Amino acid sequence: MDNDSEFENKFCTEYGLCLNLFYRHPDAVLIVKDDLIIDCNSSAIELFKLDSKEDILNKSPYELSPKYQDNEEDSIELGKKRIDQALINGYNRFEWIHKKSNGCIFYSEVTITAKAINGERFLISIIKDISENKRLVSRIKESEEKYRVVFDNNKAIMLIVDPNTQRIIDANNSACGYYGYSKKDLTTLRLNDIDIAMEDKIIEQMLLLNKSKQKNLKSKHRISNGEIRDVEIFGCPIEIRGRNVLHLIINDITDKKHMEDEIRYLAYTDTLTNLDNKEAFKLKFQDKINKAKYKKRKIGLLSIDINEFKDINDNLGHLVGDEFLKIFADRISSWSDSRYLIARYVGDEFLICIPNINSYEDLIRKGNELSKVLQNPFEINKNTIFVNSSIGISIYPDHGSDFDTLMKNSNIAMYKAKEKKDGRVEIFKESLKETINEKFLIEKYLREALQRDELYINYQPIVNSQNDKIIGIEALIRWKNKEIGVIPPDKFITIAESNGMIIPIGRWVIKTACQELKRLNKIGYEDIFVSINISIKQLEQKDFSKMINEITDEFGIDKKYLFLEITESIYMKNLQNIYYNLQDLNQSGIRISIDDFGTGYSSLAQLANLDVYKLKIDRSFIQGLHLGENNSKIVSAIIALAKSLNLKIVAEGVEEYEHVQFLKNESCDMLQGYYYSKPVSGADLELLLEDNS
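Residues numbered from 1 in each chain as written. Predicted model: local features only at pLDDT ≥ 70, side-chain atom pairs only at ≥ 80, totals over all residues. Heavy atoms only, no water.

**A closer look at the nonpolar core**
And step 1. Ranked by size, the top nonpolar core spans 80 residues in total, and within it I532, L564 and L663 carry the most contacts.
And step 2. Among the elements that make up this core, the one with the highest residue count is helix 20 (residues 502-522) (8 residues).
And step 3. Among residues more than four places away in sequence, those in contact with L663 are I622, V635, I639, A651, V654, C668 and L671.
And step 4. In terms of nonpolar packing, the next biggest core, distinct from the first, is built from 31 residues, V320, F328, I332 and I352 among them. (Core = buried A, V, L, I, M, F, W, Y, C linked by side-chain atoms within 4.5 Å. Buried < 20%, exposed > 50% of the residue type's maximum accessible area, 1.4 Å probe, protein only. Helix = DSSP H or I, 4+ residues; strand = E, 2+ residues; numbered from the N terminus. Contact = heavy atoms within 4.5 Å.)

**Here we look at the packing of aromatic side chains**
And step 1. Counted according to the given criterion, the structure contains 17 aromatic pairs.
And step 2. Seen in terms of ring centroids, F529 and F563 are 4.5 Å apart; in terms of plane orientation they differ by 50°. Their pairing is tilted. In this pair, F529 is assigned in strand 21 (residues 529-533) and F563 in strand 22 (residues 562-567), connecting sequence segments 34 residues apart.
And step 3. Three or more aromatic residues joined by ring pairs form one cluster here, namely F309, F324, F328, F350 and F378. (Phe/Tyr/Trp six-rings, centres within 6.5 Å; stacked < 30°, edge-to-face > 60°.)

**As for the side chain of S390**
And step 1. Structurally, S390 is set in strand 16 (residues 389-396).
And step 2. Here the side chain of S390 touches N307 through a polar contact of 2.7 Å, side chain to side chain.
And step 3. Excluding residues that lie within four positions of it along the chain, S390 makes contacts with S303, I304, D305, N307, M414, A417, K418 and R424. (Polar contact = N/O pair within 3.5 Å; in protein donor to acceptor, adjacent residues only side chain to side chain.)

**Quick word on empty space enclosed by the protein**
And step 1. Under the defined criterion, the tally for this structure stands at 1 cavity of 30 Å³ or more.
And step 2. Its volume calculated, the largest cavity comes out at about 210 Å³.
And step 3. Contributing to the lining of the largest cavity are 16 residues, with P61, I83, V110, I112 and S125 lying nearest its centre.
And step 4. Mapped onto the lining of the largest cavity, the elements with two or more residues apiece are strand 1 (28-33), helix 4 (75-89), strand 3 (91-99), strand 4 (105-117) and strand 5 (120-129).
And step 5. A per-class count over the lining of the largest cavity returns 11 nonpolar, 4 polar and 1 charged. (1 Å grid on protein atoms, 1.4 Å probe; cavity = no way out; pocket = protein on both sides within 12 Å on 5 of 7 lines; lining within 4 Å. Points joined across faces, edges and corners; volume = space filled by probe spheres on them. Nonpolar A, V, L, I, M, F, W, Y, C, P; charged D, E, K, R; others polar.)

Structure representation (structure tokens):
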């Protein structure tokens, strides 16, 4: 994580774990990543008798345990088994022995939940101190006399129940206070008079509890004023004066359950529309598939996209856009059958699952009905809004046997419908895979590329022409999507610029490249510079230069080793919109380069005005050196021009020995291309630097 606020934002947004609930949770909560504790709540600090959160952060959770558990098994080995079980099932609950900072040992019940967010694996561990319950049960078994003292005066809620009749034969003072009855009145009741969840099955469940690995039951109890409370019941059979009875300890978990319900709501609900989110929909859809497979039924999956939603946001603002999405969701819900599943999947895309379909024609008819309903005008804040919606349909099992495949195919059909721009409904067929407009797929998956951790950076070395030593690197973004494979930058960068994604993607590239430069500095390569390509859209952002300076300050990078490459086409734009950013960047020490020089419309006055540090000759001229004298003259002229302006010059696209010799003879300062190295990962770059030293 880059910092605390980014960590908190990620968990609020992606996991649904409301930080307010996290910090208020009555039990200790640890968040673990890569076997290290990266956050905890105040209950954890109190439970482990720590002075502050810093005493536990970046420590292994095994440091909170003694060397061995009760069964003399090594804590680390046993702990790894418990965590492996959580990773397999997504969840694991077990008893454990922990150690406080003062050396005191205590028993606990640990609940581990495994979550993957943006490709990173997190473990959320909730630790409940059950030492008191352990001690109570132990004391009860030791002696009846001690038991009576413990029973009557203990703060824990305790009942003694006849397992044959369910009659409550004894209750301690805490139980009387909790249920609101005198001991005389409470002992006239049967357990199923207060337990409204399991009723007659409660005794059977409690007896089974002692034969299983489960340690407690959750139920609902009614107290004297009629209020229903959520409870957790611990129990064991004991013998009192030769009579077999059940000893129950009841914990009130109403507040805890409310918090868990709220966390569950945040994790599985789209809070804007109150529909299921994509995680909830996927789980429920899989359940539908399992039932349909057993009954040999078909399921329809509808992907719905609002064609004009971006225009609503751009022209009327995001508040109107949000209100529109709420009404749009309500209209889908009003049209839908109670058996359907509905979700807001992402942005302006909605999903509907229609079970037990009879035919393709029936599903298309339903899609057309919905399309007409959604074409009716929307009235929002005195604005009348008309939209068309594109609906794509896939069918289980005809078009796929799992959610991901069906989702992909319904999206292909939806984008085919979108091409027609008139709210059409399209059902998937294999031929669409060949004809679907590639641009729509790229745009769709690009919106989630950062969240899915699909983007990465390769680095191409830049060498000093005098000695062939690596003096810099260019950061080159790459994208690999599991659905459509590797997408070249020239295909997705223009789309990112048109839909605004270039802003968050560009920030990620700058931050990642600076992080790599800092890593190289730490291992001894302190004079390496990094070049990063910058889009005009980024330069038009008012706070662009501020953002760059914040990132370089965060990593402690000397600003003179950061080069921002802009294309000559920038001069065809309104310079007033970007001049401030470039001037501010220059003043802070960051260097500006002109990329692809020779293909645009730069003037000498503009080069001087922006205090450009270096020019990069476009690869087309370098690769054409062998084609004729004209290309050679152009390259020579560009180098001479740069020298006359005291600018550094770099040639890219250097692939042949002849290129190298020509450029060195012309005194070109820096060379870049496959002759020296293709773009490589950070790890491979380090190997290149070692070999080049």
